[in-house]
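Coordinate inspection notes
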Amino acid sequence: MKTLGRRTRLLAATTATAGLVLVAGCSAGDSGGKTTVKGVHLVKAGQLTTCTHLPYPPFQSEIDGKVQGFDVSLIDLVAKDLGVKQQILDTPFENFKTGAFLNSGQCDLAAAGMTITAERKKNVDFSDPYFEATQAVLVDRKSGVGSLADVKAKGRKLGAQAQTTGEDYAKTKGYDPVSFHSSDAVLNGLRTGQVQAVIIDYPVVQGWLKDKANADAFKVVDNLNTGEQYGFTVKKGNTALLAAVDKALKNAKADGTYKKIYEQWIGPYAASAAQGDSAASPSAS
């Protein structure tokens, strides 16, 4: 599978009409179009700029030349409320922990299937939780692995995506997982035998297993409830944008839009998926 590396790229989201646009040297200095819409300050006029890390289906990935997914659709609602279009900037995942691209003025917010943690709250402000997540252990059917414990007991190699709670969880259980840059690279590591098992967010695994070839080759042997909740992030102190995000989420959950988007990208809807306490577990992915 293609690995995107550490390039920074601007991509058109589902609401935009443009295709893929490569951006060279995008910087905070490129801010001549700064504007305020409905009390929300935007880094570029006429658009809500979202930092993400691709690919991470079903939350965000390129489909038919556009970035689409669960996160994308939810942030589209925020953009619609503000009367602008969403544009997506593909950046390294480690920046989401530090809030670097928010602080530098390159993005208005970040949406990357990111778990709310106490450590991350030191650097960014999180929206209300918008998704309840669990970790899955996916293994090669030929590996003889029947659980996470089997990975160690049978001397198999475990993989995880770098800088994620899945990787953190594996380390807390005494594993030294092979680290992959993206979710695509994680799956490729399993396909090529670099690892015999991986730990990653269950919705991602669900997406993989929709492909018959993947379902024939791999199986889920553990589903770990780590108390994780996803949130969108803004620069610390950006209360106006945070309020706009939370309002859009609240309205979507109330009027059925959230349920529709959930069923489109995730699968059968459970009411608990939309619930959540913003004080999510600090130990998750």
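Everything quoted here is computed from the prediction, not taken from an experiment.

1. Description of the sheet that holds strand β14 (residues 197–201)
Strand order in the open sheet made by the 5 strands is β13-β12-β14-β11-β15, with mixed pairing throughout. The sheet is open, and its two borders are formed by β13 (178–180) and β15 (218–230), each paired with just one other strand. Put simply, the sheet's adjacent strands are angled 25° from each other on average, direction ignored. Judged from the 9 bridges that link them, strand β11 (residues 131–140) and β15 form a sheet pairing that is antiparallel. Paired with Ala133 across the strands is Glu228, a residue of β15. Against the sheet, helix α7 (residues 183–191) touches β11, β12 (158–161), β13, β14 and β15, its axis set at about 160° to β14.

2. Description of α7
Of all 9 residues that make up α7, 7 are buried, and the element is covered over most of its length. For α7, every residue scored as buried is listed here: Ser183, Asp184, Ala185, Val186, Leu187, Gly189 and Leu190. Gly193 sits one or two positions beyond α7 and adopts a positive phi of about 85°.

3. Observations concerning the packing of helix α1 (residues 70–82) against helix α11 (residues 257–265)
Packing of α1 against α11 leaves a shortest axis separation of 9 Å and a crossing angle of 155°. Taken together, the axis directions place α1 and α11 in an arrangement best described as roughly antiparallel. The element α1 and its partner α11 pack so that their crossing is right-handed. Here Phe70, Ser73, Leu74 and Leu77 of α1 come into contact with α11, specifically with Thr257, Tyr258, Ile261, Tyr262 and Trp265. Residue classes in the contact of α1 with α11 are distributed as 7 nonpolar, 2 polar and no charged.

4. Remarks on the packing of aromatic side chains
This model, assessed by the stated rule, comprises 14 aromatic pairs. Taking 5.3 Å as the distance between ring centres and 80° as the angle between the ring planes, the aromatic pair formed by Phe59 and Phe131 counts as edge-to-face. Highlighted residues: Phe59 in the loop between β5 (47–52) and β6 (61–63) and Phe131 in strand β11, separated in sequence by 72 residues. Judged by relative accessible area, Phe59 falls into the buried class, the value being 0%. With a centroid separation of 5.2 Å and 70° between ring planes, the pair formed by Phe59 and Tyr230 is classed as edge-to-face. Here Phe59 is found in the loop between β5 and β6, whereas its partner Tyr230 is found in strand β15, with 171 residues between them in sequence. For Tyr230, a relative accessible area of 0% translates into the label buried. Taken together, the aromatic side chains of Tyr56, Phe59, Phe70, Tyr130, Phe131, Tyr230, Phe232, Tyr258 and Tyr262 make up a single cluster linked through ring pairs. The aromatic ring of Tyr175 is capped on one face by Lys152, whose charged end is 4.5 Å from the ring centroid. Between Lys253 and the ring centre of Tyr258, over which it is positioned, the NZ or CZ distance is 5.8 Å.

5. A closer look at α1
Note: α-helices contain 3.6 residues per turn, so residues at a spacing of three or four share the same orientation. Given a rise of 1.5 Å per residue, 13 residues ought to cover 18 Å, and the 19 Å separating the end C-alpha atoms of α1 matches this to within 8%. Taken together, the buried positions of α1 are Phe70, Asp71, Val72, Ser73, Leu74, Ile75, Asp76, Val78, Ala79 and Leu82. The first or second residue beyond α1 is Gly83, which carries a positive phi of 75°.

About the cut-offs
Residues numbered from 1 in each chain as written. Predicted model: local features only at pLDDT ≥ 70, side-chain atom pairs only at ≥ 80, totals over all residues. Heavy atoms only, no water. Pairing = 2+ DSSP bridges. Helix = DSSP H or I, 4+ residues; strand = E, 2+ residues; numbered from the N terminus. Axes fitted to C-alpha atoms, helices over the stretch in contact; angles between N-to-C directions. Contact = heavy atoms within 4.5 Å. Buried < 20%, exposed > 50% of the residue type's maximum accessible area, 1.4 Å probe, protein only. Parallel < 35°, antiparallel > 145°, perpendicular 65-115°, else oblique. Left-handed = near helix turned anticlockwise from the far one by under 90°. Nonpolar A, V, L, I, M, F, W, Y, C, P; charged D, E, K, R; others polar. Phe/Tyr/Trp six-rings, centres within 6.5 Å; stacked < 30°, edge-to-face > 60°. Lys NZ or Arg CZ within 6 Å of the ring centre and 35° of its normal. Expected span 1.5 Å × (residues − 1).

Structural measurements only, silent on function.
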